[in-house]
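Listed here are the chains, written in short residue letters.
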Amino acid sequence: MRSHYCGELREEHIGEDVTLMGWVHRRRDHGGVIFLDVRDREGISQVVFDPDREESFKLADSVRSEFVIELRGTVRARPEGTLNKDMATGGIEVLGKELVILNKAETPPFQLDEHQQVGEDVRLRHRYIDLRRPEIQNKLRFRSKVTSALRTYLDGHGFLDIETPILTRATPEGARDYLVPSRTHEGSFFALPQSPQLFKQLLMVSGFDRYYQIAKCFRDEDLRADRQPEFTQVDIETSFMNEEEIMGMAEEMIRGVFQNLMDVDLGEFPRMPYAEAMRRFGSDKPDLRISMELVDVADLMATVDFKVFAGPAKDPKGRVAALKVPGGAVLTRKQIDDYTKFVSIYGARGLAWIKVNALEDGVEGLQSPIVKFLGDDVSMQIMQRLGAKNGDIVFFGADSAKIVSEAIGALRIKVAEDLGLIEREWAPLWVVDFPMFEETGKGGLTALHHPFTAPNCSVDELKSNPETALSRAYDMVLNGTELGGGSIRIHDQDMQKVVFKILGIEDEEAQEKFGFLLNALKYGAPPHGGLAFGLDRLVMLMTGSDSIREVIAFPKTQSASCMLTDAPGEVSAAQLHELNIRLRKTP
């Protein structure tokens, strides 16, 4: 059969007889000589058929794009002036001697080199064609190398690869569950796991000490570029290690993957408390490639005769923040209006701004409709605090702390991308000291991470001040994307009950939903913790892809459907009857 992959041939193979198999990527007829670019997963080789071999030449003349062929020939150097330095095989070609058509192909719905002119729905409907594109194949091959490197590290550090159930019970983990009706237990449902969280904790109670799994997880939530309803995470749990040790292990693993596969040294990851990240960058996953920061100016705005600023400045739950954009005075009014629409996505009701044209002229050198409301002293104090220079623009957010942080934090990223203010290629960090809880908006509290995260305080301290309690959680962030997160878990039954009580989960409900975990904690649960990495996001960043759909073989659309299989789809009445399900018709 095949002697070499198409993409393997090099100058050292000149003179060898080879057998290649693959797809016809392109066919060209140059003055009676036929050139076939033959493609397989390793790359492309140019094959030449001349009229001297009448039978193979005639067959070569009949092939078309995406025909599957087998050929035999001799490797030779390309003639002078025809070298292709952009191809790994660009220094050689194969003189074809024999040709067999293994399978013909209809004209594909799109040419592989014209995919950008084709809608994503067409490409996903014919994903088996789209997957033939070399750039997609290279990304999936790279993904395979990443998973192999992760497994090698974890296997070498004593972690055991253990599978956990896919059919389990519904547990509140922050998103909707995908439910699976049970035929044998009428009226009952399984849930697909949002993560293996509870099972990996049970494995620690069982004494396995170090566990990992490259696990499929499922969440029924609104999608975006870095989310899918089913996704893959590298799940890790370990006993008798504190957060510093777990973070050190995880950092070493990720740094090794980047070093070995990309020759990139990420360096030591800095640590940043959650409160500092939100204050300086408006995000708990700050992109440190961008030096711009949010600066609080509420103390300067509290006395101005302008309620838009003075109101939030005096509100304990409000925030007034400024963002200086170097060189941003070049922005047009239309661009500023577009940014105003952009921040409205995050609940902002407007976007105030000041252009710095000539700072040496005082307020006369500032251009903005709001300067007259701020007054000369406040305007110049703001410029001084921000270190503003001629040619800058300053944007302002004034609202609740949540809205300002999210809106101006997102604006920081958007403006940096638009104006080329991203200063380096890679910027990792750990975000630590997360709040244990956040307000629900209905007077209650909810877990910022999940209800099994250990607090950084005693039971009595947690009971006394749950609103200010910090957790033993940690997130790894790279270029503004959360690569992974984890925490030290609660291993004490009394602490777990207190956390449930704060969350409004009464004993009966806790026993019903988490009884198997609570019971396990009675029997000598060790201190344990872990984390999980989003494999899809990691590969997306490493390959420079715009979406995780580019690094998943068969992704869903942003409406959580599969164009290839037309899933989800209807099922027969007989199947529904077996499951004791009746569909309600919507009016």
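The structure under discussion appears in the preceding block.
Residues numbered from 1 in each chain as written. Predicted model: local features only at pLDDT ≥ 70, side-chain atom pairs only at ≥ 80, totals over all residues. Heavy atoms only, no water.

Asker: What should I look at first to understand the pairing of strand E2 (residues 33-40) in this one?
Answerer: The two faces of a sheet get side chains in turn, since along a regular strand they alternate between them. Of all eight residues in E2, seven are buried, a share of seventy percent or more. Pairing of strand E1 (residues 17-30) with E2, which is carried by seven bridges, proceeds in the antiparallel orientation. Across the sheet, Val24 pairs through a bridge with Val38, a residue of E2. With antiparallel pairing between neighbouring strands as the criterion, E1 and E2 make up a hairpin whose turn holds two residues, including Gly31 at a positive phi of roughly 60°. In this structure, E2 lies alongside strand E3 (residues 43-49), joined through seven bridges in antiparallel fashion. The partner of Val38 across the bridge, within E3, is Ser45. Here E2 folds back onto E3 in antiparallel fashion, the turn holding two residues. (Buried < 20%, exposed > 50% of the residue type's maximum accessible area, 1.4 Å probe, protein only. Helix = DSSP H or I, 4+ residues; strand = E, 2+ residues; numbered from the N terminus. Pairing = 2+ DSSP bridges.)

Asker: Looking at this structure, how should I read the side chain of Ser283?
Answerer: Checked against the element boundaries, Ser283 lands in the loop between helix H7 (274-281) and strand E12 (294-296). On the basis of relative accessibility, which here comes to 19%, the residue Ser283 falls in the buried class. A polar contact is formed between the side chain of Ser283 and the backbone nitrogen of Lys285, at a distance of 3.0 Å. Not counting residues up to four positions away in its chain, the partners in contact with Ser283 are Ala277 and Met278. (Polar contact = N/O pair within 3.5 Å; in protein donor to acceptor, adjacent residues only side chain to side chain. Contact = heavy atoms within 4.5 Å.)

Asker: How should the packing of helix H5 (residues 197-205) against helix H16 (residues 507-520) be read in this particular structure?
Answerer: Where H5 meets H16, the axes come as close as 10 Å, and the angle between the chain directions of the two elements is 20°. The angle between H5 and H16 places the two elements in the roughly parallel class. Judged by the sense of rotation from one axis to the other, the crossing of H5 with H16 is left-handed. Counted together, Leu198, Gln201, Leu202 and Val205 of H5 and Phe514, Phe516, Leu517 and Ala520 of H16 form the full contact between these two elements. Class assignment for the residues of the contact of H5 with H16 results in seven nonpolar, one polar and no charged. (Axes fitted to C-alpha atoms, helices over the stretch in contact; angles between N-to-C directions. Parallel < 35°, antiparallel > 145°, perpendicular 65-115°, else oblique. Left-handed = near helix turned anticlockwise from the far one by under 90°. Nonpolar A, V, L, I, M, F, W, Y, C, P; charged D, E, K, R; others polar.)

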